[in-house]
Amino acid sequence: MKAVVQDSKCRMQTRHVVVAVLVCILHLAFCIAPARAQLQPGVPGQMGHQTGIVASNVPPKLKSVTFAQRLNNQMPLATPLTDDAGRAVTLGDYFGRKPVVLTFVYYQCPMLCPLTLNGISSALKVLPFTPGKDFEVVVISFDPRDTPEAANAKKRAHLAHWKTEDTASGWHFLTAEESAITQLTSAAGFAYQWDDATNQFAHVSGLLTLTPDGRLARYFYGVEYSPKDLRLALIESGQGRIGSLVEEVLLFCFDYDPATGRYGWAVMTLVRLGGLLTVAAVLGFVVVMRRRERRAPVERHA
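The following refers to the structure shown.

A word on the pattern of salt bridges. Evaluation of the coordinates by the stated rule reveals six salt bridges. Where aspartate 84 meets lysine 155, a salt bridge forms, and the shortest distance between an N and an O atom there is 3.6 Å. Of this pair, aspartate 84 sits in the loop between strand E2 (80-82) and strand E3 (88-90) while lysine 155 sits in helix H3 (residues 148-161); the two residues are 71 residues apart in sequence, bridging distant segments of the chain. The exposure classification of aspartate 84 matches that of lysine 155, with both residues buried. Salt-bridge contacts for arginine 145 lead to aspartate 143; the nearest nitrogen and oxygen are separated by 2.9 Å.

A few words on the sheet that holds strand E9 (residues 206-210). Two pairing modes exist for strands in a sheet, parallel and antiparallel, and in both the strands are linked by backbone hydrogen bonds. Read from one edge of the open sheet, five strands run E6-E5-E4-E9-E10, paired in mixed fashion. Looking at the sheet topology across the chains shown, the edges are occupied by strand E6 (171-174) and strand E10 (216-221). Within this sheet the neighbouring strands show an average axis-to-axis angle of 20°, counted without direction. Of the pairings in the sheet, the one linking E9 to E10 comprises five bridges and is antiparallel in character. Its bridge partner lying in E10, leucine 207 is registered against phenylalanine 220.

The next subject is the packing of aromatic side chains. For the coordinates displayed, the defined rule picks out 16 aromatic pairs. Measuring from ring centre to ring centre gives 5.2 Å for phenylalanine 142 and phenylalanine 190, while their planes differ by 55°; the resulting arrangement is tilted. Of this pair, phenylalanine 142 sits in the loop between strand E5 (136-141) and H3 while phenylalanine 190 sits in the loop between helix H4 (178-188) and strand E7 (193-195), and the two are 48 residues apart along the sequence. The two residues phenylalanine 142 and phenylalanine 190 agree in class, both being buried. Ring geometry for phenylalanine 142 versus phenylalanine 201: centroids 5.3 Å apart, planes at 80°, classification edge-to-face. Of this pair, phenylalanine 142 sits in the loop between E5 and H3 while phenylalanine 201 sits in strand E8 (residues 200-202), and the two are 59 residues apart along the sequence. Residue phenylalanine 142 is classed as buried on the basis of its relative accessible area of 0%.

At lysine 163, a position not held by glycine, the phi torsion is positive, near 55°. On the secondary structure map, lysine 163 appears in the loop between H3 and E6. When its relative accessible area of 68% is taken as the criterion, lysine 163 is described as exposed. One non-glycine residue, asparagine 199, lies in positive phi territory at about 60°. As for its position among the elements, asparagine 199 is in the loop between E7 and E8. You can call asparagine 199 exposed: its relative accessible area is 53%.

To continue, consider H3. Taking 1.5 Å of rise per residue, 14 residues should cover 20 Å, and H3 covers 20 Å from first to last C-alpha, within 8% of that figure. Every buried residue of H3 is accounted for by Ala150, Ala151, Ala153, Lys154, Lys155, Ala157, His158 and Leu159. Close packing links the buried residues of H3 with helix H2 (112-124) and E6. Positive backbone phi, approximately 55°, marks lysine 163, located one or two places after H3.

On to the packing of H2 against H3. When two helices pack together, you describe them by how their axes are tilted relative to each other and by the distance separating the axes. Their axes nearest at 11 Å, the elements H2 and H3 cross at an angle of 45°. It follows from the interaxial angle that H2 and H3 lie oblique. Remark: the crossing between H2 and H3 carries right-handed chirality. Counting all contacts with H2, which are made through Pro114, Leu117, Asn118 and Ser121, the residues of H3 involved are Lys154, His158 and His161.

Cut-offs applied
- Residues numbered from 1 in each chain as written.
- Predicted model: local features only at pLDDT ≥ 70, side-chain atom pairs only at ≥ 80, totals over all residues.
- Heavy atoms only, no water.
- Salt bridge = Lys/Arg side-chain N within 4 Å of Asp/Glu carboxyl O.
- Helix = DSSP H or I, 4+ residues; strand = E, 2+ residues; numbered from the N terminus.
- Buried < 20%, exposed > 50% of the residue type's maximum accessible area, 1.4 Å probe, protein only.
- Pairing = 2+ DSSP bridges.
- Axes fitted to C-alpha atoms, helices over the stretch in contact; angles between N-to-C directions.
- Phe/Tyr/Trp six-rings, centres within 6.5 Å; stacked < 30°, edge-to-face > 60°.
- Expected span 1.5 Å × (residues − 1).
- Contact = heavy atoms within 4.5 Å.
- Parallel < 35°, antiparallel > 145°, perpendicular 65-115°, else oblique.
- Left-handed = near helix turned anticlockwise from the far one by under 90°.

Put into structure tokens, the structure is as follows:
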């Protein structure tokens, strides 16, 4: 009688485990499907979308979208820009005595651009350096449709999100005409492409550090940046030293189609593969537990 009770408990426990695992799978599936990138609050026109794709899964039409390393290249400091207050400035206004952190985004980007800015603030938050005092942060929109008002809204929302309004003097959100944008992005090796089907720019995420005289010193790719590496890059850039080439691990801002509300083939392939592997693992677990249940009565009888 005791053996029967134990066998019944064993089967009940197995069923509970299987049900729990299946519930977890269903929960994971529903969480993955609507996954959306973290965006900053309070910025009009932003929508949450899945982040981009890695370089190994780039469609052929995006082969020209790159962020090539052009270390020691001189940026055109005389290039005209407009700051977030609507004033006419030049790129050289932010150089002279301090190193510069530079990134290219566009202010209505629904995918990686907010994550790039968040990655910069996340890394800078733990550094002993202060924007405006020890270095400058220059954010340039590569969308000629962006306005100073959009730049100002993005700046205020971003600094408020990170509770760093006291460093506003060290953050510069800029816009420019298309010819000026082309001049700047070409000098930095930043190539992007407009896609009519998705009504988005395909581009790569990352940031640069530059020397006080405007030379490209270091490239960082992705949306998360090592505070230790960024600290070293700012020190070296401030001294006029140029870093070495790094591996180009490119993350592309191009995979989600807002018109259809569907994810691209790269993301969906990974999700489906992960689901199949999970199901196979659960089925294997069930088979093993059933075999143990069948052997248990025989062993007790013997």
